[in-house]
Amino acid sequence: MTTPKLPAKPDGFHDECGVFGIFGHADAAAHVALGLHALQHRGQEASGIVSFDGRQFHSERALGLVGDHFNAESVIRRLDGVAAIGHNRYATTGETVFRNIQPLFAEFAFGGLAIAHNGNLTNARELRQSLVARGCIFQSTTDTETIIHLIATSGAGGVVDRLIDALRQVVGAYSLVALTGTMLLGVRDALGVRPLVVGMLDDAYVLASESCALDIIGARFERDVEPGEIVVIDSGGLHSLRPFPVGRRRFCVFEYVYFARPDSMVEGLSVYETRKRIGAELAREQPAVADIVVPVPDSGVPGAIGYAAEAKLPFEIGIIRNHYVGRTFIEPTDRIRHLGVRLKHNAAADTIRGKRVVLIDDSIVRGTTSIKIVEMMRHAGAAEVHMRIASPPTMNPCFYGIDTPDRDELMAANLSLEQMRQRIGVDSLGFLSIDGLYRAVGEPRRFAHRPQYCDACFTGDYPIALVDQDGGHRPVQLSLLSEAV
Ligand code: AMP
């Protein structure tokens, strides 16, 4: 499929993130800190917590991992109250600065409000320009701050109506948690691109990007927040509002491929079981004559288990990962990124030597990981290396909250399959097809209605207008917006 050329992504506006909130529980901030620990994979650059103690808001924000700052008792003690929200941030370009750390907090005419956002607003730049022209003074470069100013300048009455008014003006993918003096709010965009779940801990309500963050505090999973839904949690319990026209859901399929934690349930599916089904589908579509199946850890592990079971080949941990090194993507330059990959993985040479290896990873983005890992396999004496990727080629950048580089850095967008095979240095290379991915992630009933996910990174079908990129002129499938499923 050909996809039109897109302009480069703007700096500073693309985050991957995790959000968490709790209302009505003692030690609210400590629970948020635990939740953020479980969501660390969604963002490692910075984190923050805002709590409300019945009289005032308290805020702690810090660069680095959650444990770097929020493990100290003194920090948690400063975050007094029975309600709190938190955020993990992951932005790879643009500014890694203190003022961009969320939750953002502002005092409004109606009182204080803190907000934490996972996703990307695709008209943030346009909105920002018009807000600045109206006299708004921005303090950060995150897209989330536009929501703050839209709330502040809204003519609507209460805080919820102002939030609804603000969100009617934004275009993009968002899962939000917000905290006021009286309530915790959770919102998902109309297509439900990013995840957000509701849980309960005793009588307290919890909101989290993924269910693994409920598990860590012993909270019970209740349900997903629905696309286009606002959940309002206050002393009276949880009320649901549906102020936005809801389209057909387009949950991000890449959450299943790579991003979500395998022990999470998202949109009714276990991430781990889904990844194993993806691996099995890959084995059916892209078999290889080989002796062993080896995952690129950790992201390739569930897929490799599924592949090995389907192909009836032994599964071997042929690459050991050093868990004390961060993700390669955190590194800012190519040179350091290359070093990072070597730091991170080592081949178990005895297991690999003389073997025909099927190497499984979830995705190829720039190709950096694959090149290094294959070099390592050869060095360890592999007789043959057959690389199989548990997703279709990543051809298009994400504008909805997953960090992918611009198209000119995406290996699959620039090289043919054969050129990729040569560049990576494997004997064969195979990707899962988009149909295979849909077979693995959908129940038959659901995938009759394809597309049922946002799969833009693979297909170039962007379901939400990219206003800042091209004025929103790319064809958005408006027919989908009027169809409720
Ligand atoms: P690359 O080395 O650029 O080809 O990146 C591919 C590797 O990064 C794979 O092992 C993936 O598991 C992982 N990966 C894929 N997408 C992302 C992402 N958005 N952020 C961080 N890592 C990713």
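Read on for a plain summary of the structure. Since the model is a prediction, treat every value here as computed from it, not as a measurement.

## Section: the overall build of the chain
Looking only at helices and strands, one finds 20 helices and 23 strands in the chain. Buried residues in the chain amount to 61% of all 485 residues. Restricting to contacts in the chain with at least 6 residues of sequence separation, those with at least 24 account for 69%. By element, 53% of the accessible surface of the chain is carried by carbon and sulfur atoms, the whole surface being about 18,300 Å².

## With respect to the side chain of Glu145
Topologically, Glu145 is positioned in helix 5 (residues 144-153). Among buried charged residues, Glu145 stands out as having no salt bridge; its nearest opposite-charge side chain is Arg128, 4.9 Å away. Apart from the residues lying within four places of it in its own chain, the contact partners of Glu145 are Leu104, Ile137, Phe138, Gln139 and Ser140.

## Observations concerning helix 5
With respect to burial, helix 5 is a largely interior element, eight of its 10 residues being buried. For helix 5, the set of buried residues is Thr144, Glu145, Thr146, Ile147, Ile148, His149, Leu150 and Ile151. Buried-residue contacts for helix 5 involve strand 5 (104-108), strand 6 (111-121), helix 4 (124-133), helix 6 (159-169) and strand 7 (172-180).

## Quick look at the pattern of salt bridges
As enumerated under the stated definition, the model contains 25 salt bridges in all. Measuring nitrogen to oxygen at the nearest pair gives 3.9 Å for the salt bridge that ties Glu229 to Arg242. Of the two residues, Glu229 is situated in the loop between strand 11 (220-224) and strand 12 (230-234) and Arg242 in the loop between strand 13 (237-241) and strand 14 (251-252); the sequence distance between them amounts to 13 residues. Look at Glu229 and you get buried, because its relative accessible area is 0%.

## Observations regarding the packing of aromatic side chains
Considering all chains together, one arrives at 11 aromatic pairs under this definition. Both rings, one in Tyr258 and one in Phe259, keep their centres 6.3 Å apart while their planes meet at 20°; by these two values the pair is stacked. Accessibility expressed as a relative area gives 1% for Phe259, which makes it buried. Both rings, one in Tyr400 and one in Tyr462, keep their centres 6.1 Å apart while their planes meet at 75°; by these two values the pair is edge-to-face. In this pair, Tyr400 sits in the loop between strand 21 (384-389) and helix 14 (411-414) while Tyr462 sits in the loop between helix 18 (456-459) and helix 19 (467-470), placing the two residues 62 residues apart along the sequence. On the basis of relative accessible area, Tyr400 is assigned to the buried category, the value being 1%. Looking at Tyr462, the relative accessible area reads 2%, which means it is buried. Among the aromatic residues, those joined into a cluster by ring pairs are Phe251, Tyr256, Tyr438 and Tyr453.

## Re the sheet that holds strand 13
With respect to topology, six strands assemble into an open sheet ordered 5-6-7-8-12-13, the strand pairing being antiparallel. At either end of the open sheet lies a strand with only one pairing partner, and these are strand 5 and strand 13. Going from strand to strand, the sheet's axes swing by 20° on average, the running direction of each strand aside. Inspection of the sheet shows strand 5 paired to strand 6 by five bridges, in the antiparallel sense. In the sheet register, Phe105 faces strand 6, and the bridge partner there is Ala114. Where helix 6 meets the sheet, its contacts fall on strand 6, strand 7, strand 8 (184-188), strand 12 and strand 13, and the angle it forms with strand 8 comes to roughly 20°.

What counts as what
Residues numbered from 1 in each chain as written. Predicted model: local features only at pLDDT ≥ 70, side-chain atom pairs only at ≥ 80, totals over all residues. Heavy atoms only, no water. Helix = DSSP H or I, 4+ residues; strand = E, 2+ residues; numbered from the N terminus. Buried < 20%, exposed > 50% of the residue type's maximum accessible area, 1.4 Å probe, protein only. Contact = heavy atoms within 4.5 Å. Areas by Shrake-Rupley, 256 points an atom, 1.4 Å probe, with all protein chains shown as cover. Lys, Arg positive; Asp, Glu negative; His and termini not counted. Salt bridge = Lys/Arg side-chain N within 4 Å of Asp/Glu carboxyl O. Phe/Tyr/Trp six-rings, centres within 6.5 Å; stacked < 30°, edge-to-face > 60°. Pairing = 2+ DSSP bridges. Axes fitted to C-alpha atoms, helices over the stretch in contact; angles between N-to-C directions.

Shape is all these values report; function is a separate question.
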